[in-house]
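Observations on the model geometry
Listed below, chain by chain, are the residues.
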Amino acid sequence: MIARVTLEIALRKEFDYSVPEELAAEVVIGTRVKVPFGPRLVTGVVTDLPESSTHTNLKPIASVLGVRGLITPRVLALARWIATYYCCPVEVALKSVLPDAVRKEDAGWRERLHVSLIPQPTGLPKLTQRQHDIWKILEEWREMSLQDLLRIGETTSETIRRLQEKGLLRIAPRIDERDPYGREQILPTQPLVLNSEQAKALAAIVSATDERFVAGHGASLEPVSDVTDPQLPAKRKGPANPGTLLLHGVTGSGKTEVYLQALAHCLGRGQGGIVLVPEISLTPQTVERFKARFNTGPHATLVAVLHSHLSSGERHDEWHKIRQGRARIVIGARSAIFAPVDRLGLIIVDEEHEHSYKQEEAPRYHARDVAVVRGMQEDAVVVLGSATPSMESYYNARSRKYTLLEMPSRVTDLKMPVVRIVDLREESRRAKGGVPAIFSQPLKEAITQRLERSEQTILFLNRRGYSTSLQCSKCGYVAGCPNCSVGLTFHRQAQKLMCHICGHEEVVPSKCPAPECGNPAIRFSGLGTEKVEDVLRKLFPRARVARMDRDTLKRKDDYRRILSDFRTGKLDILVGTQMIAKGLHFPNVTLVGVLYADLSLHVPDFRAGERTFQLLTQVSGRAGRGDVEGEVFIQSFTPFHPAIQYARRHDFLGFYDQEIEFREQLKYPPAARVALLTLKGRNEDKVKFTVGYLRKELEKRLSGWRDLIIAGPAPAPLLRAEGFYRHQIMLRTRVMSRLAGVLTDIQTTVALPEDLTLTVDVDPVNLV
Ligand code: ADP
Ligand code: ZN
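Rules used in this analysis
- Per chain, residues are indexed from 1 in the order of the written sequence.
- Each chain gets a letter, beginning with A, and each ligand a number, beginning with 1, in the order they are written.
- Given that the model is predicted, a residue must reach a pLDDT of at least 70 before its local features are reported, and side-chain atom pairs must reach 80 or more before they are shown or counted; all residues, however, enter totals for whole chains, interfaces and linings.
- Side-chain calculation: all heavy atoms of the structure are included, whereas hydrogens and water are not.
- We call a residue near a molecule or strand as soon as one heavy atom of that residue lies within 4 Å of the molecule or strand.
- Pairs of N or O atoms are called polar contacts if they sit within 3.5 Å, as long as, within protein, a hydrogen donor faces a hydrogen acceptor (for residues adjacent in sequence, only side-chain-to-side-chain pairs).
- Method for areas: the Shrake-Rupley scheme with a 1.4 Å probe, in which residue coverage is limited to the protein chains shown.
- Here the term cavity refers to a set of points on a 1 Å grid, laid over the protein atoms alone, in which a 1.4 Å probe fits but cannot get out; the term pocket refers to an open set having protein on both sides within 12 Å along at least five of seven lines, with lining residues being those that place an atom within 4 Å of a point.
- For a molecule to be placed in a cavity or pocket, more than half of its atoms must lie within 2 Å of the grid points of that cavity or pocket.
- pLDDT gives the predictor's per-residue confidence on a scale running from 0 to 100.
- By definition, residues are in contact when any of their heavy atoms lie within 4.5 Å.
- Should DSSP find at least two bridges between two strands, the strands are regarded as paired.
- Strands are runs of DSSP state E lasting at least 2 residues, helices are runs of H or I lasting at least 4, and numbering of each runs from the N terminus.
- Angles shown run from 0 to 180 degrees and are taken between the N-to-C directions of axes, each axis being a line fitted to C-alpha atoms and, for helices, limited to the stretch in contact.
- These domain limits were set by an automatic method or by a database of domain assignments.
- Using a 1.4 Å probe, buried area is obtained as the accessible area two parts lose upon being combined, added over both of them.
- What makes a salt bridge here is a side-chain nitrogen of Lys or Arg within 4 Å of a carboxyl oxygen of Asp or Glu, nothing more.
- Gly is placed with the polar residues, together with every amino acid not listed as nonpolar (Ala, Val, Leu, Ile, Met, Phe, Trp, Tyr, Cys and Pro) or charged (Asp, Glu, Lys and Arg).

**Thoughts on the site of ligand 1**
Every one of the 17 residues lining ligand 1 counts as a neighbour, but Val193, Gln198, Gly252, Lys255 and Arg289 are closest to it. Contact distances for ligand 1 include 3.0 Å between an oxygen atom and a backbone N or O atom of Gly254. One of the backbone nitrogen or oxygen atoms of Thr256 is found 3.2 Å away from an oxygen atom of ligand 1. Contact with the protein chains hides 76% of the accessible area of ligand 1, taken as 560 Å² for the molecule alone. Under a 2 Å grid-point criterion requiring more than half of the atoms, the pocket assigned to ligand 1 is the second largest pocket.

Here you go:
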């Protein structure tokens, strides 16, 4: 028997080994093994069991690690697709498909000593009062952990040992499963009666799952190549029934209820489901809604949760609950797309436009696109949901690659909020000194009104810190980061200047540090959330205010605590960065203020307009989710920018139509695919020289290609980050699968100086 093995030390190659007789039963595709490699033993994953090998004298596998087949053949197929499409070695892709806690097995199951009672039909021997009390507790509980017994019985281990000696109780280790949400009280919910839009969407999803369920008999594991390429029809065997649906539903249209009922349908016939949510640790409400529906009821199953804020032990246990088939519904962030759910019926990608679905280190996969591919491979239906779909997904829906489902109105009779734009140019004309106040007059009045009516307000500014720059008005000096090409931000509470790229910190100078200047009147300018909070407290001294950004959330429970205070009415105003922009559902919030909408427009990225439109729509969607109609104020210096105007009118289609024109003209996604090559190193001249050489190598391999634009080399918009200079080449093509082959070839054959690193990012979302 022969096993083909990918080694964890990245070599971009697979190696054949013989399988010793005594290990044969344990070696299947997906098993992790130790194998000899040169003088050492290294770890790898069995990726194939070929009939024969072109090599002779195969070395035997040394040992098997952990349980059999941690990686299922289906997940392995997915990893292979990722390696090919995103131009990375299979071993790197494989690292992402198992959580570290499972791969390294350092967490393991937690065993705890449990105490159980041994019944005494003939009566109790003589006991002390204390021993008798413990016996009474055990009689009631039958069995409990030793720890709990010590605590509840307010006793010592000595007493318990005495009882054990008398043969009255048994102490034995037992697996004690961790439950990250164990402390929460979750009340079961019943399916709601859907409105007609929801019912139509649900029917479409259910009928797609029905079709796939039939088609799924005899589904092949044929890897699909590049299914997300907009110009190519899905390459798969058999008829292409549309398996991906885009659910475009405005904020508050009741998408989650549709997901819940579609999942129930799948559970009903034995299929499982995966629900991806961006930044799940920030939305405990979502997890609760799924647990509340599926913990009990006719299709009761465990709901497993996977995200990076769990302890590694919790992650280990959650993952194994899925692998053992006890948890049939998985909710998680990006990497939950690899959850080993057997008989997968439905994958839901909520807020599909979110950039956090893209992994910013190798393998640089986009979980939404991986979901679409996994759906194809496993005959599962994929539902992409959003109030503001990405240009890519809507484009696919328009070209009928995806089925479009629309829910254009809010549930029951809720109206969309009224959005008012405040022209900051007008405000600065009126202001003394030409600098507009942080809160314009109309916004200030609106906040006052909410405080009087005991309604709540959310204020949004996408920049943390107090002031964004420290500048000398005499010589023009600006405090910058020594490692990155950005300015330092002043954090007042910490009394420090900080870099938001690399974390560098400095003390605040009392005078201009420029030699020969020394001006003591060095000034802070620009605005961050910390200052907003400060000014707010001065303007509205009686308002109860909390701020939520990365600076205030130091501990794991901070987020939950602040949100729970907000929900229970202990706070009037919540100030925050984009982490408060989405997903939150607070019926008493009737006012949303966006303090400076232009911030995200000034990013050097072709998606700046799209991002701004999405952010404004999402944050506006927090207003008016209860009985009282919502109102939104957007303060901006460019009030007529299309992203702002279309957001004001809740007009996604209008935005899409004008934006797609620009993308098509300039051949940007979704009209083309992008691959971004970034070369970085500490010596800028060396980086510059080598990136030029790379361009020539690319041209050599791509000569004669018609469908291709090569832009650059050029300095990255953020030239220097964490001490490294970065230069980029951007490639654009309609068919990425062809280009991916060339890029993999470049990475494996072009020798680069050792102190330079090349990264290849296929379908990048971050160009900076
Ligand atoms: P979305 O995810 O589209 O923003 P949600 O699913 O959060 O919307 O729904 C908003 C609110 O409406 C939730 O409180 C939800 O319980 C409620 N809701 C959803 N569907 C219905 C329905 N059919 N009838 C009554 N209430 C509903
Ligand atoms: Zn820095």
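**Quick word on the confidence of the model for the protein chain**
Looking at the protein chain as a whole, the pLDDT averages 87, with 95% of positions reaching at least 70. Of the regions scoring below 50 in pLDDT, residues 218-240 engages in 53 contacts with residues more than four places distant in sequence or in other chains.

**A short note on the sheet that holds strand 17 (residues 456-460)**
Ordered in space as 16-26-25-17-24-23, the 6 strands form an open sheet in which the pairing is parallel. Of all strands in the sheet, those bounded by a partner on one side alone are strand 16 (418-423) and strand 23 (545-548). When the angles between neighbouring strand axes are averaged without regard to direction, this sheet yields 15 degrees. Bridging between strand 17 and strand 24 (residues 573-576) involves 4 bridges; their strand directions are parallel. The residue bridging Phe460 from the neighbouring strand is Gly576, located in strand 24.

**Some details on the domain arrangement of the protein chain**
Domains assigned within the protein chain are domain 1 (2-103), domain 2 (111-120 + 127-175), domain 3 (196-412), domain 4 (418-465 + 528-662), domain 5 (467-526) and domain 6 (673-762). Taking only C-alpha atoms into account, the centre of domain 4 sits 27 Å from that of domain 5. The partner domain 5 presents 9 residues to the 9 residues of domain 4 that form the contact. Looking at the side of domain 4 facing domain 5, the largest losses of area belong to Arg463, Arg464 and Glu530, adding up to 50% of the total buried there. Linking domain 4 with domain 5 are 1 salt bridge. For Asp534, the salt bridge goes to Arg492, with nearest N and O atoms at 3.2 Å. Taken together, the links from domain 4 to domain 5 amount to 4 residue pairs in polar contact (both at pLDDT 80 or more). Ranked by residue count, the leading element in the side of domain 4 that touches domain 5 is helix 15 (residues 529-539), at 3 residues. Here the side of domain 4 that touches domain 5 is composed, by residue class, of no nonpolar, 2 polar and 7 charged.

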